[in-house]
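A closer look at the structure
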Amino acid sequence: MKILILGVNGFIGHHLTNRILAQTDWIVYGMDLADDRLGEAVNNPRFHFLEGDMAINKEWIEYHIKKCDVVLPLVAIATPKLYVEDPIGVYNLDFEMNLAVVKQCVKYHKRVVFPSTSEVYGACTDPEFKEDESFLVVGPIQKERWIYSCCKQLLDRVIYAYGTRGHLEFTLFRPFNWIGPRLDSLDVAKEGSSRVVTQFIAELLMKRPISLVDGGHQKRCFTYVDDGISALMKILENKNDICKSEIINIGNPDNECSVKELADILKNLFMAHPAHRNDKAYSEIIEASAMSYYGKGYQDIYSRKPSIEKARKLLDWKPEIGLKDALRMTLDSFLEENKGAV
Ligand code: UGA
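Let us look at the structure shown here. (Residues numbered from 1 in each chain as written. Predicted model: local features only at pLDDT ≥ 70, side-chain atom pairs only at ≥ 80, totals over all residues. Heavy atoms only, no water.)

1. Remarks on the overall build of the protein chain
- Along its length, the protein chain carries 12 helices and 13 strands.
- In terms of C-alpha radius of gyration, the protein chain reaches 20 Å, essentially the compact-globule figure of 20 Å for 342 residues.
- Summarising its shape, the C-alpha atoms of the protein chain cover approximately 60 × 45 × 40 Å along the three principal directions.
- The buried share of the protein chain, reckoned over its 342 residues, is 54%.
- Counting contacts in the protein chain only where the partners sit at least 6 residues apart, residues at least 24 apart contribute 77% of the total.
- Approximately 15,200 Å² of the protein chain is accessible, and the part contributed by carbon and sulfur atoms is 50%.
- Put simply, the protein chain has 43 plus and 48 minus side-chain charges, and the middle of one group is 2 Å from the middle of the other. (Helix = DSSP H or I, 4+ residues; strand = E, 2+ residues; numbered from the N terminus. Rg over C-alpha atoms; globule rule 2.2 N^0.38 Å. Buried < 20%, exposed > 50% of the residue type's maximum accessible area, 1.4 Å probe, protein only. Contact = heavy atoms within 4.5 Å. Areas by Shrake-Rupley, 256 points an atom, 1.4 Å probe, with all protein chains shown as cover. Lys, Arg positive; Asp, Glu negative; His and termini not counted. Charge placed at Lys NZ, Arg CZ, Asp CG, Glu CD.)

2. Regarding the site of the ligand
- In the vicinity of the ligand, 26 residues are found, and the nearest of them are Tyr-83, Ser-118, Glu-119, Asn-177 and Arg-220.
- Ser-118 is positioned with one of its side-chain polar atoms (N or O) 2.6 Å from an oxygen atom of the ligand.
- Interatomic distance of 2.9 Å between a backbone N/O atom of Val-196 and an oxygen atom of the ligand.
- In the complex, 97% of the free accessible area of the ligand, which totals 710 Å², lies under the protein chains.
- Of the residues that constitute the shell around the ligand, the class distribution is 14 nonpolar, six polar and six charged. (Near = heavy atom within 4 Å. Polar contact = N/O pair within 3.5 Å; in protein donor to acceptor, adjacent residues only side chain to side chain. Nonpolar A, V, L, I, M, F, W, Y, C, P; charged D, E, K, R; others polar.)

3. Notes on the packing of helix α7 (residues 196-206) against helix α9 (residues 259-272)
- α9 packs onto α7 with a crossing angle of 40° between their chain directions and a minimal axis gap of 10 Å. One element, α7, and the other, α9, form an angle in the oblique class. Note on packing geometry: the crossing formed by α7 with α9 is right-handed. Contacts between α7 and α9 pair Val-196, Val-197, Phe-200, Ile-201, Leu-204 and Leu-205 from the former with Val-259, Leu-262, Ala-263, Leu-266, Lys-267 and Phe-270 from the latter.
- Among the residues forming the contact of α7 with α9, the class breakdown is 11 nonpolar, no polar and one charged. (Axes fitted to C-alpha atoms, helices over the stretch in contact; angles between N-to-C directions. Parallel < 35°, antiparallel > 145°, perpendicular 65-115°, else oblique. Left-handed = near helix turned anticlockwise from the far one by under 90°.)

4. Some details on the environment of Ser-118
- Note that Ser-118 resides in the loop between β5 (111-115) and α5 (146-164).
- Put simply, Ser-118 and Glu-246 are 128 residues apart on the chain and 15 Å apart in space, counted from C-alpha to C-alpha.
- Contacts of Ser-118, omitting those with residues within four sequence positions, involve Arg-174, Pro-175, Phe-176, Asn-177 and Arg-304.
- At 3.3 Å, the side chain of Ser-118 and the side chain of Arg-304 are in polar contact.

5. Regarding the sheet that holds β5
- Spatially, the seven strands line up as an open sheet ordered β3-β2-β1-β4-β5-β6-β11, and their pairing is parallel. Edge positions in the sheet fall to β3 (47-51) and β11 (246-250), since each has one partner strand and no second. For this sheet, the mean angle separating the axes of adjacent strands, direction not counted, is 15°.
- The pairing of strand β1 (residues 2-6) with strand β4 (residues 70-73) spans four bridges and is classified as parallel. What sits directly across from Ile-5, in β4, is Leu-72.
- Against the sheet, helix α4 (residues 87-107) contacts β1, β4 and β5, and its axis sits at roughly 170° relative to β4. (Pairing = 2+ DSSP bridges.)

6. So, unusual backbone geometry
- A positive phi angle, near 50°, is found at Asn-238, a position not held by glycine.
- Here Asn-238 is to be found in the loop between α8 (225-237) and β11.

7. What to know about the packing of aromatic side chains
- Per the stated rule, a full pass over the model turns up 11 aromatic pairs.
- Ring centres of Tyr-91 and Phe-95 lie 5.5 Å apart, and the angle between their planes is 20°; this geometry places the pair in the stacked category. One end of the pair, Tyr-91, and the other, Phe-95, are both in helix α4, four residues apart, so they sit about a helical turn from each other.
- Of the residues examined, Phe-95 reaches a relative accessible area of 9% and is grouped as buried. (Phe/Tyr/Trp six-rings, centres within 6.5 Å; stacked < 30°, edge-to-face > 60°.)

8. A short note on the pairing of β5
- Burial analysis of β5 places five of its five residues in the buried class, which makes it a mostly covered element.
- The alternating pattern of β5 places Arg-111, Val-113 and Pro-115 and Val-112 and Phe-114 on opposite faces, both of which are buried.
- Note that β5 and strand β6 (residues 170-175) share four bridges and pair parallel. Opposite Val-112, over in β6, you have Phe-170 as the bridge partner.
- You can see the chain leave β5, run along α5 and come back into β6, and the turn it takes is right-handed. (Right-handed = clockwise from strand over helix to strand, strands pointing away.)

This is the structure we're talking about:
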């Protein structure tokens, strides 16, 4: 099988590529702005990489859509701080550029495996979000955070409409707060715009305070990337077309915790880490208002838990890695990779 991955150096892209190269005989064609997360993959004869921008290398993309069997358009801005700072950038990249790729998949009759997101459920109040039942709930236009959710939702709807009319073979997957090695870089965290787990680990390393936005009562279910990738591999395999035209949550409902609990666990792990157990001081945990941390365009999601019944049934999959282990492995790898950087 030949697979095209746009955004191959991203968090999901590089983990997926490594798994594909290790466990299958598939060929991967990938494009991204850099290759720094890809490690040894770049030397693998089954991996073909182009360093480049999606906005510029349109011919390369079209050529490879034609050449491949499955397309994964993983390029997107996916950090909430940027949703409020640069909503037009989110729209251009996450929506317009990806729509162009989807249309080419229609044109050349290629299967698309598209990354939807837990964010499409927005402020849904269901105790567990169900792919085919839950309402997708967003806030007012002035709350620009929701542009990401809306862009992804509309793409989901466009893909679904093409698919159900027989013009496109697709599967939509919805990652729920995947974490693991190389989630976000230290540089991004320095600017305060990485996702919460990396942000907190980086603050601990930099000895800066950890900010609990609005008290940190919000809850997330953190999913270890290896578990997520296992599900994604089964979606790519698509045995007996089982995932055809399906929308599938990929998350770990057992790993639910509040942002405040998350801060405590990560601080304790950091304080017990061999390289830091003798540090003279540690970050304090403080509270910050959403307004001061993100600005007026932000609105939070207080509870986000996936139903994974569908993933269990269709993929015969369940997540294996518990919260503490997932956080420990994420923290250890971040500290290892940024040794001496601060
Ligand atoms: C994320 C991002 O939108 C995407 O990466 C993705 O689509 C989706 O969720 C997902 O991974 O499922 P969110 O979970 O809100 O959204 O993003 P984080 O930045 O990781 O924030 C999680 C929570 O921590 C939020 O309630 C936020 O207010 C809080 N937070 C974040 C803090 O309290 N302090 C911080 O320093 C950073």
